[in-house]
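Structure at a glance
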Amino acid sequence: AREDGLAGQLAVSLAEHPNVFLAGDWVGPEALLADAAAASARSSARHVLAALAQTGAETMRESLHVAS
């Protein structure tokens, strides 16, 4: 609540790290726990698809990072 609740959570994309997309129960302005993890994963996937469309698959593949 001190961090503005859901509005205070991280966005799925970070301006300072292009082509890095986040997903998890602590990401995005909607839902909590499993719902939030699924919602942020869906949003991250949309960002990946948009980045692929903009930069091309080959360029994106070179800069793609997957964190576990």
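Summarised in this report is the structure supplied together with it. Just so it is clear, the model here is predicted, and its values are computed rather than measured.

**Side note on the overall build of the protein chain**
- Helix and strand counts for the protein chain stand at two helices and two strands.
- Element order for the protein chain, N to C, with α for helix and β for strand: β-β-α-α.
- A buried classification covers 16% of the 68 residues belonging to the protein chain.
- Taking the intrachain contacts of the protein chain between residues at least 6 apart in sequence as the baseline, contacts between residues at least 24 apart amount to 27%.
- Accessible area for the protein chain stands at about 5000 Å²; split by element, carbon and sulfur atoms hold 59% of it.

**Overview of helix α1 (residues 33-55)**
- A rise of 1.5 Å per residue sets the reference length of α1, with its 23 residues, at 33 Å; its end C-alpha atoms lie 32 Å apart and thus fit the reference within 8%.
- Among the residues of α1, Ala36, Ala39, Ser40, Ser44 and Ala51 are the ones counted as buried.

**Structural notes on the side chain of Ser44**
- In this fold, Ser44 is placed in helix α1.
- Among residues more than four places away in sequence, those in contact with Ser44 are Val12, Phe21, Leu22 and Ala23.

**With respect to the environment of Val20**
- Note on placement: Val20 falls in strand β2 (residues 17-21).
- Here Val20 falls in the partly exposed class, since its relative accessible area comes to 28%.
- Along the chain, Val20 and Val48 lie 28 residues apart, while their C-alpha atoms are 8.7 Å from each other.

**Observations regarding the pairing of β2**
- Note: strand β1 (residues 13-14) against β2, two bridges, orientation antiparallel. Following the sheet pairing, Ser13 is matched in β2 by Phe21.
- The hairpin formed by β1 and β2 contains two residues between the paired strands.

**Side note on unusual backbone geometry**
- With a phi angle near 65 degrees, Asn19 is a residue other than glycine that sits in the positive phi range.
- For Asn19, the location among the structural elements is in strand β2.

Cut-offs used in this document
- Residues numbered from 1 in each chain as written.
- Predicted model: local features only at pLDDT ≥ 70, side-chain atom pairs only at ≥ 80, totals over all residues.
- Heavy atoms only, no water.
- Helix = DSSP H or I, 4+ residues; strand = E, 2+ residues; numbered from the N terminus.
- Buried < 20%, exposed > 50% of the residue type's maximum accessible area, 1.4 Å probe, protein only.
- Contact = heavy atoms within 4.5 Å.
- Areas by Shrake-Rupley, 256 points an atom, 1.4 Å probe, with all protein chains shown as cover.
- Expected span 1.5 Å × (residues − 1).
- Pairing = 2+ DSSP bridges.

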